[in-house]
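Reading the structure
Each chain, written out:
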Amino acid sequence: MENIAALDSLFQPKSIAIVGASNTEGKIGYSVVHNLIESKYAGAIYPINPKDPEIQGLKAYKSVLDVSGDVETAVLTVPAKFIKSVIDECGKKGVKSLIIITSGFSEVGERELEDEIVELAHSYGMHILGPNIVGVLSNSDSMNASFAPFLPLNGKSSLVSQSGALLIAMDASTYTRRVGFDKLVSIGNMSDVNFGDVVGWLDNDKNTNCITLYIEGFKDGRHFMEVSRKAQKPIIALKSGVSAHGAAAAASHTGSLAGAAKVYGAAFQQAGVVQAADLDNLFDRSLALSLQPPMKGDNLLIITNGGGVGVLATDAAERFGIPLQFAPKDVQVELKKHMPAFGSAKNPVDITGMAGTEWYVDSVRYAIAHPWVDGVVVLYCETAVSNPLEIAQGIKAAVDEAGVDKPIIVSYVGGEKSENAMKWLVENGVPAYGAPDTAINAMAALRDYARMRELMDVNDETHHEVDREKALKIIASAREDGRDSLTEIEAKQVFAAYGLPVTKNALAKIEEEAVKLAEEIGFPVVMKIVSPDILHKSDAGGVKVNIKNSDEARAAFKTILENAKAYKADADIHGIVIQEMAPWGTEVILGSVNDPTFGPTMMFGLGGIFVEVLKDVTFRVAPVSQGQAMRMLGEIRGAPILAGVRGEAPRDREMLADTITRYATMILDLSDEISESDANPVLVYEEGKGIKVVDARIILKKK
Ligand code: ADP
Ligand code: MG
């Protein structure tokens, strides 16, 4: 959406018409009117009902056209078959936007009807939220324009949910979880207004500190990425449908295809979106992100009065990517002053079960202000000698006094007193959780967020010299042949046009030519079959490596041809390619797919014969920066192999990352042509010695 401000009317309308308003309890048209009144909505409420002149004590109108005042937004609850005529009337009335609660559109296969209502609304300059939604709820606007029974617990995060039922359930659970929201937005079928639009609007909303998303599937992944990358506020997302079975369930639910889990994960990374592992995690992380600043460095300090929770937190810190380091000497010396002799100042800082409010306050005040410390997690086990609420108030006061822009998170383990103390903490801006690992996970969200942002702030846009014309010519000539795949030679020419380091290749049609070319390239060489009908050359006995002289080259030529004919009698054989024999190196795979949600997407993983079994791969949506490419190399389980294990020298990761960025540039630049591709294997040498692409495959888009 070009003009995000156009959504003001959806989220902060000064007047609302409810089309389908009702006096019959149990009807959605009843609930929406009731809820607007209950939430003390301050704007004008215009119930629209063809028969009743009065709805729940309010004057009702036969049509929205009969309302004399302005109507900024209209909530539509009438059956799907009446929607078009209602939209028409709203358009004529000058309504600015529509909240369409009614279901029965694309989610049940009525895609055409959905397209028609969007077109109709647009013809009047109106936007549609929905259809198939619960509505919009806003604490700061005292507005419950939905059929969810009440406004959520007030908070500083706003939630956008693709599932209506989940939104209603989450609304209720805000009170029991003590995690509040300012706005709840049900986004439904996203016929018009989509995730990217709402994220863009919430980024400018002064009552929203953190944007919380429950996602089943995007319609336009790239738009979401673009908006999220520019956002000034943290965004946290829970993506459902990540298992093969879950994806099918999500697809049938929303009518949109849920993309592969790994691709969504990659897109979130690249767009700076923090991920949640499950529903609990979404609430917990959202709370921390809405109340605390990002954790800008790796040094986490834990202060505890119990060894057990300290160890649990230490384990969690490693698990969630912020492993503990011992505090520097000066920190230890100072902290030692606020604990008994048998305490520990190392990290976790154990001020022992003897600790009362004073030791907590002194330790927190000192620690959070110290330049080495990037974030503090305070743990408390309820004891007989201490007062949980007093400690909570002391911690808060100490943090305020220090006046630094660093995050603090608290965990209390105990009974009712601890519960009350945590409630007080959250109400006063300090996230507090009932388990130490939950607190650490929340801190890890603040660290993840800062890390992703840092990486995005580095301006490492990739500008490569490329020869697009040449690549397009090669592709065009394959198409003229009536093919939708390139041979290895052609694919390598396309790769080379984008600066990928491929082997030297030459095509031989007859034996004599093969010998001559092998001599020119220099022994040892590799010889392979070139046939559009044989994609997996080894399977057909079409690859001979380490050919050391002319006699072997002659023999190989014959054998490969025989094997190919035996494999597929009518194979169209272009000839045999002679290649330099690349020295042994670590085998990796680069590849690309055209993701239905995000378009051209890169894959990287450990290659070789086990690639299909190990599935040790990671993804990024193209383009890919050098920084992101380096992260990919660190993400796979086999990362230590590239870093150099057992006395082996580290591999040339810089060059490999550079190649990934070039590859990504290629698939984006040629996205109209390339459907899938891979380079398998790519051989990676020692640091400084580069890499070599020894096999290449490109499948073209069908035209
Ligand atoms: P395919 O994957 O179609 O079976 P490849 O071109 O990948 O065929 O060749 C099979 C294997 O042969 C590769 O995995 C690699 O180990 C080896 N190989 C192929 N080309 C070369 C080369 N130019 N230099 C060194 N080894 C090679
Ligand atoms: Mg191969």
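Up top you'll find the structure we're talking about.
Another aspect to go through is the overall build of the protein. Secondary structure assignment for the protein yields 24 helices and 30 strands. Dimensions of the protein, computed from the C-alpha atoms along their principal axes, are close to 95 × 80 × 40 Å. Of all intrachain contacts in the protein linking residues separated by at least 6 positions in sequence, the fraction that spans at least 24 positions is 71%. When the accessible surface of the protein is split by element, carbon and sulfur atoms take 52% of a total near 29000 Å². Measuring between centres, the 70 positive side-chain charges of the protein sit 1 Å from its 92 negative side-chain charges.

As a structural note, the neighbourhood of ligand 1 is formed by 18 residues, with Lys-528, Lys-537, Ser-538, Gln-579 and Ala-582 the closest of them. Within the contact set of ligand 1, an oxygen atom lies 3.4 Å away from a side-chain nitrogen or oxygen of Glu-587. For ligand 1, whose accessible area on its own is 540 Å², the fraction buried by protein is 81%. Using a 2 Å cut-off from the grid points, one finds that ligand 1 occupies the largest pocket. Split into classes, the residues belonging to the shell around ligand 1 amount to 8 nonpolar, 5 polar and 5 charged.

Turning next to empty space enclosed by the protein. Counted according to the given criterion, the structure contains 4 cavities of 30 Å³ or more. Considered as a void within the structure, the largest cavity measures approximately 130 Å³ in volume. If you go around the largest cavity, you meet 14 residues; those closest to its centre are Thr-487, Glu-488, Ile-534, Leu-535 and Lys-537. Residue classes in the lining of the largest cavity are distributed as 7 nonpolar, 3 polar and 4 charged. Quantified by volume, the second largest cavity comes out at close to 50 Å³. Looking at the second largest cavity, the residues that line it are Met-190, Asn-194, Phe-195, Gly-196, Phe-218, Lys-219, Asp-220, His-223 and Phe-224. Those elements giving two or more residues to the lining of the second largest cavity turn out to be helix 6 (195-203) and helix 7 (221-230). Here the residues of the lining of the second largest cavity are counted per class, giving 4 nonpolar, 3 polar and 2 charged.

Take the layout of surface pockets next. By volume, the largest pocket amounts to about 1300 Å³. Lining the largest pocket are 44 residues, and of these Gly-608, Val-611, Asn-680, Pro-681 and Asp-695 lie nearest its centre. Take the lining of the largest pocket: its biggest share by element is 6 residues, from strand 28 (residues 674-684).

Both faces of strand 9 (residues 143-146) are covered, namely the face carrying Met-143 and Ala-145 and the face carrying Asn-144 and Ser-146. Across 4 bridges, strand 8 (residues 135-138) lies against strand 9 in antiparallel orientation. Within strand 9, the position partnered with Gly-135 by the bridge is Ser-146. Counted along the chain from strand 8 to the antiparallel partner strand 9, the turn is 4 residues long, and its residue Ser-142 has a positive phi close to 45°.

If you want to describe how two helices pack, look at the angle between their axes and the distance between the axes. Two numbers describe how helix 9 (residues 261-271) lies on helix 16 (residues 436-457): the axes approach to 8 Å, and their chain directions differ by 70°. The orientation of helix 9 relative to helix 16 falls into the category roughly perpendicular. Counted together, Phe-268, Gln-269, Gln-270 and Ala-271 of helix 9 and Met-452, Arg-453 and Met-456 of helix 16 form the full contact between these two elements. Of the residues in the contact of helix 9 with helix 16, the class split is 4 nonpolar, 2 polar and 1 charged.

The subject of this paragraph is unusual backbone geometry. Here the residue pair Asn-347 and Pro-348 is connected by a cis peptide bond, since its omega of 5° sits within 30 degrees of zero. Structurally, Pro-348 can be placed in the loop between helix 12 (329-336) and strand 16 (349-350). Cis rather than trans, the peptide bond between Phe-523 and Pro-524 has omega equal to -5°. Within the secondary structure, Pro-524 sits in the loop between helix 19 (511-521) and strand 22 (525-530). Despite not being glycine, Arg-646 has its phi angle at roughly 50°, a positive value. Mapped onto the secondary structure, Arg-646 falls in the loop between helix 23 (639-643) and helix 24 (653-669). Given the relative accessible area of 86%, Arg-646 is considered exposed.

Counting residues in hydrophobic clusters, the biggest one holds 78 residues, and the most contacted among them are Leu-300 and Tyr-412. When residues of this core are assigned to their parent elements, the largest contribution, 9 residues, is made by helix 16. Excluding anything up to four places from it in sequence, Tyr-412 contacts Tyr-380, Pro-388, Ile-391, Ala-392, Ile-395, Ser-418, Ala-421, Met-422, Leu-425, Tyr-433 and Gly-434. The next biggest cluster of nonpolar side chains, apart from the first, holds 55 residues, and it includes Val-75, Met-143, Ile-215 and Ala-231.

On to the coordination of the magnesium ion (ligand 2), then. Taken together, the protein ligands of the magnesium ion (ligand 2) are Asn-680 (O) and Asp-695 (OD), with distances of 2.2 Å. Residue Asn-680 is found in strand 28, and its partner Asp-695 is found in the loop between strand 29 (691-693) and strand 30 (697-700); the two are separated by 15 residues along the sequence. In this structure Asn-680 comes out as partly exposed when scored by relative accessible area, which is 21%. Overall, Asp-695 belongs to the buried group, its relative accessible area being 17%.

Together, Glu-110, Glu-112, Asp-115 and Glu-119 give the surface a local cluster of negative charge. With respect to the helices, strands and loops of the structure, Asp-115 is situated in helix 4 (residues 111-123). Look at Asp-115 and you get partly exposed, because its relative accessible area is 48%.

Here we take up the side chain of Ser-286. Topologically, Ser-286 is positioned in helix 10 (residues 279-291). At 2.9 Å, the side chain of Ser-286 and the side chain of Thr-212 are in polar contact.

Here we have 5 strands laid out as an open sheet, ordered 16-15-17-18-19, and parallel in their pairing. Of all the strands in the sheet, the pair left with one neighbour each is strand 16 and strand 19 (432-433). Inspection of the sheet shows strand 18 (residues 408-413) paired to strand 19 by 2 bridges, in the parallel sense. The residue bridging Val-410 from the neighbouring strand is Ala-432, located in strand 19. Along the sheet, helix 16 makes contact with strand 15 (300-304), strand 17 (375-381), strand 18 and strand 19, crossing strand 18 at roughly 170°.

Moving on to the sheet that holds strand 1 (residues 15-19). As summarised here, the arrangement of the 5 strands in space is 2-1-5-6-7, forming an open sheet in which the pairing is parallel. Edge strands, defined here as strands with exactly one partner in the open sheet, are strand 2 (44-48) and strand 7 (127-129). Adjacent strand axes in the sheet meet at a mean angle of 20° when their direction is disregarded. Pairing of strand 1 with strand 2, which is carried by 5 bridges, proceeds in the parallel orientation. The partner of Ala-17 across the bridge, within strand 2, is Tyr-46. Along the sheet face, helix 3 (residues 83-93) touches strand 1, strand 5 (73-76) and strand 6 (97-100) and points at about 170° away from the line of strand 5. Running at roughly 135° to strand 7, helix 4 makes contact with strand 6 and strand 7 of the sheet.

Cut-offs and rules
- Residues numbered from 1 in each chain as written.
- Chains lettered and ligands numbered in written order.
- Predicted model: local features only at pLDDT ≥ 70, side-chain atom pairs only at ≥ 80, totals over all residues.
- Heavy atoms only, no water.
- Helix = DSSP H or I, 4+ residues; strand = E, 2+ residues; numbered from the N terminus.
- Contact = heavy atoms within 4.5 Å.
- Areas by Shrake-Rupley, 256 points an atom, 1.4 Å probe, with all protein chains shown as cover.
- Lys, Arg positive; Asp, Glu negative; His and termini not counted.
- Charge placed at Lys NZ, Arg CZ, Asp CG, Glu CD.
- Near = heavy atom within 4 Å.
- Polar contact = N/O pair within 3.5 Å; in protein donor to acceptor, adjacent residues only side chain to side chain.
- 1 Å grid on protein atoms, 1.4 Å probe; cavity = no way out; pocket = protein on both sides within 12 Å on 5 of 7 lines; lining within 4 Å.
- Sits in = over half its atoms within 2 Å of the grid points.
- Nonpolar A, V, L, I, M, F, W, Y, C, P; charged D, E, K, R; others polar.
- Points joined across faces, edges and corners; volume = space filled by probe spheres on them.
- Buried < 20%, exposed > 50% of the residue type's maximum accessible area, 1.4 Å probe, protein only.
- Pairing = 2+ DSSP bridges.
- Axes fitted to C-alpha atoms, helices over the stretch in contact; angles between N-to-C directions.
- Parallel < 35°, antiparallel > 145°, perpendicular 65-115°, else oblique.
- Core = buried A, V, L, I, M, F, W, Y, C linked by side-chain atoms within 4.5 Å.
- Donors = N, O, S within 2.8 Å, 3.2 Å for Na, K, Ca; no water.
- Patch = residues over 30% accessible without salt bridge, like charges linked within 9 Å, V, L, I, M, F, W, Y side chains within 5 Å.
- Salt bridge = Lys/Arg side-chain N within 4 Å of Asp/Glu carboxyl O.

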